[in-house]
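Understanding the architecture of this molecule
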Amino acid sequence: MSHLLWFFALVYVVEGLGQIGGLVSQPLTYFLKQVHGWTPLQITAYLTLFNIPWIIKPLYGLVSDFVPLFGYRRKSYLLLANVSAVGGFFLVSQLTKPDELVFALMLTAYAMAISSTLCGAVLVENGQRLQESGTFVNQQWLWYNVAAMAAAILGGQLVQRLAPTAALHSAAAIVACAPLLVIFGTVFLIPEKRVPINIEGMRHTLGGLSEAFRRRHLWIIAAFIFLYYFSPGLSTPLYFIMTDNLKFSQAYIGILAALAAAGWVVGAYLYRQYLKKLTLKRLLNWSIAIGTLASLAFLFLWNEPAAAIISFCSGFAAMVATVATLTLAADYCPRRAEGFAFAVLMSIINLATALADNLGSYLFTHVFHGKLAPLVILSAAFTAFAFVLVPLLHLGDKRQGDPVAAGVIAPPPPDTR
């Protein structure tokens, strides 16, 4: 248990630093805005490209579930992905044109997505075995946001003190060292035994997986997760409002991102103390209520103190929502295909978020003509709509972390020959 908790912490520290939304996020956005004069919609569309590796996560899960590499379903792929991440970030630190940066940033996005998928498979395998899915999800996102706090502050300082191109290159060079942590954790902390490729077992598992995905309840959960996350995104419009309208410094915008991450950390602590005891249904309802209020709070974004409070509350709401939905996803994954099934549900989140971000930027630019308030109200309404969907899940008094028997694939019969 302790080794797993350390492993999840290391992987998600690297995720918090290394994702496109990590240390390179503010330097990249500032670089595209200042050097190339891009609009909110152009920047959001460019960043959406790097969601593609996250949307096709089931492919990585499927390969790792069924095709061991050098005898391991998880370790070998994790090592390969993180070595690639080091190379990708090094390339970013050498390039200047957006069309050239696409290749290098896409390499880092694939590496981070593969690493996240494999980590998710380890989470589901051990979370169902130990009935600790919620604890593991909480551990991951706690350390993700500890890293995100540091990344936000450092990213803001880089943008404040350096030229746009130098800030981007410096951020990429720093992040290039982070995947070494995952390489260490993969070698020493994952309890995985070598396994051969078993054709008969693969056929059995594929058949069971196909049966599991024909179950109506799993599709209802997938639809719920998509609609839960499909609320018009505020991220890029907020950056333009804070930069152009409110005249916040780049360093302070970095601090605001760190405060949002601090809200995630506080949410993780309160989850361990209080929210872990709630039923899954109640946790989901709490997450929707808190998320709706946190979205509406952006109506009061008019100065730096207000922005600080709102950012913290937004981070807290996001943490509760993430633990609730990811625990729901982990508990319904069929065994022996954990990587694929969990990745499918995570890809739905990534797809919904990418579409929502583009919708938010489009509405902000072309429909609301740069006004934030209508976008905030619409986003909050989308979040509140999820209340209507919770009863469709038929969760009853299900506890967090209890695997659902209906989604379990039975092991193949023993070979009696």
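Relevant structure appears above.
Residues numbered from 1 in each chain as written. Predicted model: local features only at pLDDT ≥ 70, side-chain atom pairs only at ≥ 80, totals over all residues. Heavy atoms only, no water.

Observations regarding the overall build of the chain
Counting its regular elements, the chain contains 18 helices and 0 strands. For the chain, the C-alpha radius of gyration of 21 Å lies close to 22 Å, the compact-globule estimate for 417 residues. Considering only C-alpha atoms, the chain reaches an extent of 75 × 45 × 35 Å along its principal axes. For the chain, the proportion of contacts with a sequence separation of at least 24, taken over those separated by at least 6, is 85%. Carbon and sulfur atoms provide 68% of the accessible area of the chain, an area that totals close to 17,600 Å². For the chain, the separation between the mean place of its 26 positive charges and that of its 17 negative charges on side chains is 4 Å. (Helix = DSSP H or I, 4+ residues; strand = E, 2+ residues; numbered from the N terminus. Rg over C-alpha atoms; globule rule 2.2 N^0.38 Å. Contact = heavy atoms within 4.5 Å. Areas by Shrake-Rupley, 256 points an atom, 1.4 Å probe, with all protein chains shown as cover. Lys, Arg positive; Asp, Glu negative; His and termini not counted. Charge placed at Lys NZ, Arg CZ, Asp CG, Glu CD.)

Points about the nonpolar core
Residues Phe7, Phe224, Ile225 and Leu328 are the most contacted members of the largest nonpolar core, which totals 122 residues. Sequence-distant contacts of leucine 328, defined by excluding residues within four places in its chain, comprise Ile221, Phe224, Ile225, Leu280, Leu284, Leu393 and Leu395. (Core = buried A, V, L, I, M, F, W, Y, C linked by side-chain atoms within 4.5 Å. Buried < 20%, exposed > 50% of the residue type's maximum accessible area, 1.4 Å probe, protein only.)

Digging into the side chain of histidine 169
If you trace the backbone, histidine 169 turns up in helix H9 (residues 164-175). Here the side chain of histidine 169 touches serine 93 through a polar contact of 3.4 Å, landing on its backbone oxygen. Non-local contacts of histidine 169, meaning those with residues more than four positions away in its chain, are made with Val92, Ser93, Gln94, Leu95 and Thr96. (Polar contact = N/O pair within 3.5 Å; in protein donor to acceptor, adjacent residues only side chain to side chain.)

Points about the packing of helix H7 (residues 98-130) against helix H8 (residues 133-161)
Running from amino to carboxyl end, H7 crosses H8 at an angle of 145 degrees, the nearest separation of the two axes being 8 Å. Contacts from Cys119, Leu123, Asn126, Gly127, Gln128 and Leu130 of H7 reach H8 at Ser133, Phe136, Val137 and Gln140. (Axes fitted to C-alpha atoms, helices over the stretch in contact; angles between N-to-C directions.)

Observations regarding the environment of alanine 151
Turning to its location among the elements, alanine 151 is positioned in helix H8. Given a relative accessible area of 3%, alanine 151 falls into the buried group. For the pair alanine 151 and glycine 254, spaced 103 residues apart in sequence, the C-alpha separation works out to 8.4 Å. Setting aside chain neighbours within four positions, we find alanine 151 in contact with Gly16, Leu17, Gly22 and Leu23.

A closer look at unusual backbone geometry
You will see that lysine 247, though not glycine, has its phi angle at about 60 degrees, which is positive. Among the secondary structure elements, lysine 247 is positioned in the loop between helix H13 (235-245) and helix H14 (250-273).

Digging into helix H10 (residues 179-189)
Those residues of H10 that fall on the buried side of the exposure criterion are Pro179, Val182, Gly185, Thr186 and Leu189. Along H10, the residues classed as buried sweep out an arc of 120 degrees about the axis, all on the same side. Opposite the packed face of H10, turned more than 90 degrees from it, sit the exposed residues Leu180 and Phe188. Where the residues of H10 are buried, they touch helix H1 (2-18), helix H6 (75-92), H7 and H9. (Arc of directions from axis to C-beta.)

Let's talk about the pattern of salt bridges
Inspection of the entire model under this criterion finds 4 salt bridges. Aspartate 244 is the salt-bridge partner of lysine 33, the closest N and O atoms lying 3.2 Å from each other. In this pair, lysine 33 sits in helix H2 (residues 25-34) while aspartate 244 sits in helix H13, placing the two residues 211 residues apart along the sequence. On the accessibility criterion, lysine 33 (13% relative accessible area) is buried. In this structure, glutamate 132 engages lysine 276 in a salt bridge whose closest nitrogen and oxygen atoms are separated by 3.4 Å. You can see glutamate 132 sitting in the loop between H7 and H8 and its partner lysine 276 sitting in the loop between H14 and helix H15 (280-296), a full 144 residues away along the chain. We classify lysine 276 as partly exposed; its relative accessible area is 38%. One network of salt bridges, in which partners are shared, links Arg73, Arg74 and Glu125. (Salt bridge = Lys/Arg side-chain N within 4 Å of Asp/Glu carboxyl O.)

What to know about the environment of leucine 393
Turning to its location among the elements, leucine 393 is positioned in the segment after helix H18 (372-389). The sequence separation of leucine 393 and leucine 372 amounts to 21 residues, and the corresponding C-alpha distance is 33 Å. When neighbours within four sequence positions are excluded, leucine 393 is seen to be in contact with His217, Ile220, Ile221, Phe224, Leu284 and Leu328.

Examining the packing of aromatic side chains
A complete count under the given rule lists 16 aromatic pairs for this structure. When the ring of phenylalanine 7 is compared with that of phenylalanine 8, the centres are 5.8 Å apart and the planes differ by 55 degrees; the resulting orientation is tilted. On the basis of relative accessibility, which here comes to 0%, the residue phenylalanine 7 falls in the buried class. Relative accessible area serves as the criterion here: at 0%, phenylalanine 8 is assigned to the buried category. When the ring of tyrosine 46 is compared with that of phenylalanine 50, the centres are 5.5 Å apart and the planes differ by 85 degrees; the resulting orientation is edge-to-face. (Phe/Tyr/Trp six-rings, centres within 6.5 Å; stacked < 30°, edge-to-face > 60°.)

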